[in-house]
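Fold and contact review
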Amino acid sequence: MTCQETGNQATANRVTINEVGPRDGLQSQSRILPVAGRLRLIEALHGTGLARIEAGSFVSPKAVPAMAGTGSLLQSLPGRGEPGAAKVDYSVLVPNLKGYELAVEAGAESVTMVIYASETMARKNARMSMAEAERTAWQIIGLARDAGIEVIVIAAVSFGCPFEGEVPPGTLHGIAERFADADIHRLVLADTIGAANPAQVGDLLAPLAERHGVGLFGCHFHDTRAMALANVLAALQAGVRWFDSSIGGLGGCPFAPGASGNVATEDVAVMLQQMGFDTGIDFAALLAASDLATELTGTAPGGKVREWLRGQLGKTNQIASAMQACREDAK
Ligand code: COA
Ligand code: ZN
């Protein structure tokens, strides 16, 4: 489906949270989880009502050992082909054509191809130039169209580069201009190192949304400078309705020095819910997934809202048990 077809969704009350914890979250952990551990996290996330999960990446296992075995992980994804199971759209990240081919072999239905807003980052991450990465994205878009596979394009370091510093907005305008009419599901602007501020996010997105329609865009923020949630709000106010986030605030990029965790899914979900947006999230299940992320990795800090959420859910459970006790007494 092209972004143009989903354009109306962007103005609706529904916000899509794309959970990237199993990929962005786990890729740089010092504790490398076996496929079974990664699947446990995905199973917990599957039951939360999240619409989308980035399950892993097809990258060199020498470069990113934590993502080795994504092919076998894809064979056991929860809900796939099970009648009545919660509908979750899974995607996998690919940095090059080899990654795309491996993803297709493993049965991926959606791939996220990385392009770059700086030359140094392109070289460090994929040993390509920016133009080579874009050419590869186009190749993948063509192949995927014929194969009925969805493509998301993610532009790394859209708001600042760890090697080159500021990224001129013109770079992103150029990328958007080139990919606006591509057969892609979304163009996601990624703040890979958490350098963005809300004014910058609003200033970049307003003209992009006006020119291309905001349904083209998604945003991906890291919380390095404690502005990720404010950046989500700025993007939301510009009309963006797609956000990548990571359960428990897990995250970081092994090739981008200084990158810290992604904005925590629970923080985004609670903010959206309290603002009246529809996310479809079951908060008790989300809290359990966040606790599991911490248990499995030992590093996931948990969203800022996690303890408040625990308290609220505790109260709800107390009220539910008190009401149950009243009903029992009345019998
Ligand atoms: N999946 C699995 N293996 C891959 C691969 C992929 N997508 N791309 C390359 N490789 C393998 C090659 O087969 C080769 O293996 P070998 O040493 O056993 O022969 C090895 O990686 C190096 O290949 P080479 O062709 O020299 O490397 P490259 O220039 O094509 O680039 C990278 C390899 C940069 C793509 C690889 O290092 C990589 O996957 N980096 C991870 C990027 C990443 O995940 N960043 C974080 C998320 S954005
Ligand atoms: Zn990221």
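See the structure printed just above.
Residues numbered from 1 in each chain as written. Chains lettered and ligands numbered in written order. Predicted model: local features only at pLDDT ≥ 70, side-chain atom pairs only at ≥ 80, totals over all residues. Heavy atoms only, no water.

**A look at the site of ligand 1**
The full set close to ligand 1 counts 18 residues, and Ser 60, Lys 62, Asn 96, Lys 98 and Asn 125 are the nearest of them. Taking Asn 125, its side chain carries an N or O atom lying 2.8 Å from a nitrogen atom of ligand 1. Between ligand 1 and the protein, one listed contact pairs an oxygen atom with a side-chain N or O atom of Arg 127 at 3.1 Å. For ligand 1, the protein covers 69% of the area, taking 910 Å² as the surface of the free molecule. Where the shell around ligand 1 is concerned, the elements lending two or more residues are helix H4 (97-105) and helix H5 (119-126). Tallying contributions element by element places H4 first for the shell around ligand 1, with three residues. When its residues are assigned to classes, the shell around ligand 1 shows nine nonpolar, five polar and four charged. (Near = heavy atom within 4 Å. Polar contact = N/O pair within 3.5 Å; in protein donor to acceptor, adjacent residues only side chain to side chain. Areas by Shrake-Rupley, 256 points an atom, 1.4 Å probe, with all protein chains shown as cover. Helix = DSSP H or I, 4+ residues; strand = E, 2+ residues; numbered from the N terminus. Nonpolar A, V, L, I, M, F, W, Y, C, P; charged D, E, K, R; others polar.)

**Structural notes on helix H11 (residues 283-297)**
When the terminal C-alpha atoms of H11 are compared, their 21 Å separation across 15 residues agrees well with the 21 Å that a helix rising 1.5 Å per residue should span. For H11, the complete set of buried residues consists of Phe 283, Ala 285, Leu 286, Leu 287, Ala 289, Ser 290, Leu 292, Ala 293, Leu 296 and Thr 297. Of the residues trailing H11, Gly 298 is marked for its positive phi of about 75°. (Expected span 1.5 Å × (residues − 1). Buried < 20%, exposed > 50% of the residue type's maximum accessible area, 1.4 Å probe, protein only.)

**Here we look at the coordination of the zinc ion (ligand 2)**
Within the protein, the atoms that donate to the zinc ion (ligand 2) are Asp 24 (OD), His 220 (NE2) and His 222 (NE2), at distances of 2.0 to 2.1 Å. The sequence motif formed by the donor residues of the zinc ion (ligand 2) is D-x195-H-x1-H. With Asp 24 in helix H1 (residues 21-25) and His 220 in strand S7 (residues 217-221), this residue pair connects regions lying 196 residues apart in the sequence. A residue is classified by how much of its surface remains accessible, and His 220, at 3% relative accessible area, is buried. (Donors = N, O, S within 2.8 Å, 3.2 Å for Na, K, Ca; no water.)

**Concerning the packing of aromatic side chains**
For the structure shown, the criterion picks out two aromatic pairs. Here the aromatic rings of Trp 138 and Phe 179 are separated by 5.0 Å at their centres, their planes lie at 15°, and the arrangement is stacked. Of the two residues, Trp 138 sits in helix H6 (residues 130-147) while Phe 179 sits in helix H7 (residues 169-179), which places them 41 residues apart along the sequence. What makes Trp 138 partly exposed here is its relative accessible area of 35%. When the centroid spacing of 5.7 Å and the interplanar angle of 45° are considered together, the rings of Phe 159 and Phe 221 count as tilted. (Phe/Tyr/Trp six-rings, centres within 6.5 Å; stacked < 30°, edge-to-face > 60°.)

**Brief notes about unusual backbone geometry**
Its identity as a non-glycine residue notwithstanding, Arg 127 has a phi of 50°, on the positive side. Secondary-structure assignment places Arg 127 in the loop between H5 and H6. Its identity is not glycine, yet Ala 226 carries a phi of approximately 60°, on the positive side. Take Ala 226: it is sitting in the loop between S7 and helix H9 (228-237). The exposure class assigned to Ala 226 is exposed, which follows from its relative accessible area of 59%.

**Details of the pattern of salt bridges**
All chains considered together, the criterion is met by 14 salt bridges. Ionic pairing is found between Glu 109 and Arg 80, a salt bridge with its closest N-O pair at 4.0 Å. Within this pair, whereas Glu 109 is found in the loop between H4 and strand S4 (110-116), its partner Arg 80 is found in the loop between helix H3 (70-75) and strand S3 (89-94), the two being separated by 29 residues in sequence. Residue Glu 109 is classed as exposed on the basis of its relative accessible area, which comes to 53%. Linking Arg 310 and Glu 307 is a salt bridge whose minimum nitrogen-to-oxygen distance equals 2.8 Å. Residue Arg 310 and its partner Glu 307 are both found in helix H12 (residues 306-330); the two are separated by three residues, about one turn of the helix. Accessibility expressed as a relative area gives 47% for Glu 307, which makes it partly exposed. Through salt bridges that share partners, Asp 291, Arg 306, Glu 307 and Arg 310 make up one connected network. (Salt bridge = Lys/Arg side-chain N within 4 Å of Asp/Glu carboxyl O.)

**Points about the nonpolar core**
Generally speaking, soluble globular proteins have nonpolar side chains that are buried together. Counting residues in hydrophobic clusters, the biggest one holds 109 residues, and the most contacted among them are Val 111 and Phe 221. Per-element tally for this core: the top contributor is H11, with seven residues. The contacts of Phe 221, once residues within four sequence positions are left out, are Phe 159, Asp 191, Ala 196, Val 201, Ala 228, Asn 231, Val 232, Ala 235, Phe 243, Asp 244, Asn 262 and Val 263. (Core = buried A, V, L, I, M, F, W, Y, C linked by side-chain atoms within 4.5 Å. Contact = heavy atoms within 4.5 Å.)

**Digging into the pairing of strand S6 (residues 186-191)**
Where burial is concerned, most of S6 is hidden: six out of the six residues are buried. In S6, alternate side chains face the same way, and those of Arg 186, Val 188 and Ala 190 on one face and Leu 187, Leu 189 and Asp 191 on the other are all buried. The pairing of strand S5 (residues 150-156) with S6 spans four bridges and is parallel. What sits directly across from Ala 155, in S6, is Leu 189. A crossover connection joins S5 to the parallel S6 through H7; in handedness this β-α-β unit is right-handed. Handedness of the β-α-β unit built from S6, helix H8 (residues 198-212) and S7 comes out right-handed. (Pairing = 2+ DSSP bridges. Right-handed = clockwise from strand over helix to strand, strands pointing away.)

Geometric values such as these leave the question of function open.
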